[in-house]
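# A closer look at the structure
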Amino acid sequence: MMKCTLCGFKFDEMDRSPCECSCAFGGCGGDFLVCPECGHHMIAPPDVKKRLKEIEGKNETSIFSKIKQIF
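Residues numbered from 1 in each chain as written. Predicted model: local features only at pLDDT ≥ 70, side-chain atom pairs only at ≥ 80, totals over all residues. Heavy atoms only, no water.

Okay, the overall build of the chain next. Scanning the chain from terminus to terminus reveals two helices and four strands. Overall, the chain shows an N-to-C arrangement of helices and strands of β-β-β-β-α-α. Contacts spanning at least 24 positions in sequence make up 44% of the contacts within the chain whose residues lie at least 6 apart. Accessible surface for the chain amounts to roughly 5,300 Å². Of this, 56% is attributable to carbon and sulfur atoms. (Helix = DSSP H or I, 4+ residues; strand = E, 2+ residues; numbered from the N terminus. Contact = heavy atoms within 4.5 Å. Areas by Shrake-Rupley, 256 points an atom, 1.4 Å probe, with all protein chains shown as cover.)

As structure tokens, then:
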């Protein structure tokens, strides 16, 4: 269970999907979770980020590996 640092709402972090925003400088890359009550962005704990990425089938690839995939 996570507790929002702004409003104090408690929620299950595994029911939330990682933030996929397009903020300046390329977005957060899923490093934040959004509070379902107030919309505040909070840093997801490392173990939660790893589990969420495994569940959603996402893998972290560097810019160089993306370029290699093109060729």
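That covers the picture; the talk isn't over yet.
Moving on to the nonpolar core. Formed by Met-2, Cys-4, Phe-11, Leu-33, Cys-35, Met-42, Ala-44 and Val-48, the largest nonpolar core amounts to eight residues. Ignoring sequence-local partners within four residues, the contact set of Cys-35 consists of Cys-4, Cys-7, Phe-9, Phe-11, His-40 and Met-42. (Core = buried A, V, L, I, M, F, W, Y, C linked by side-chain atoms within 4.5 Å. Buried < 20%, exposed > 50% of the residue type's maximum accessible area, 1.4 Å probe, protein only.)

Before going further, it helps to examine the side chain of Glu-13. Considering the arrangement of structural elements, one finds Glu-13 in the loop between β2 (10–11) and β3 (32–34). We classify Glu-13 as buried; its relative accessible area is 10%. Separated by 3.3 Å, the side chain of Glu-13 and the backbone nitrogen of Met-1 make a polar contact. In this structure the side chain of Glu-13 is engaged in a polar contact, spanning 3.3 Å, whose partner is the backbone nitrogen of Met-2. (Polar contact = N/O pair within 3.5 Å; in protein donor to acceptor, adjacent residues only side chain to side chain.)

The full count for this structure, using the stated rule, is zero disulfides. With no disulfide of its own, Cys-4 has Cys-38 as its nearest cysteine by sulfur position, at a separation of 3.7 Å. Classification of Cys-4 as buried rests on a relative accessible area of 3%. (Disulfide = S-S within 2.5 Å.)

There is a patch of nonpolar side chains on the surface, built from Ile-67, Ile-70 and Phe-71 and spanning about 400 Å² of accessible area. By secondary structure assignment, the location of Ile-67 is in helix α2 (residues 63–70). You can call Ile-67 partly exposed: its relative accessible area is 38%. (Patch = residues over 30% accessible without salt bridge, like charges linked within 9 Å, V, L, I, M, F, W, Y side chains within 5 Å. Salt bridge = Lys/Arg side-chain N within 4 Å of Asp/Glu carboxyl O.)

Shape descriptors only; they carry no functional weight alone.
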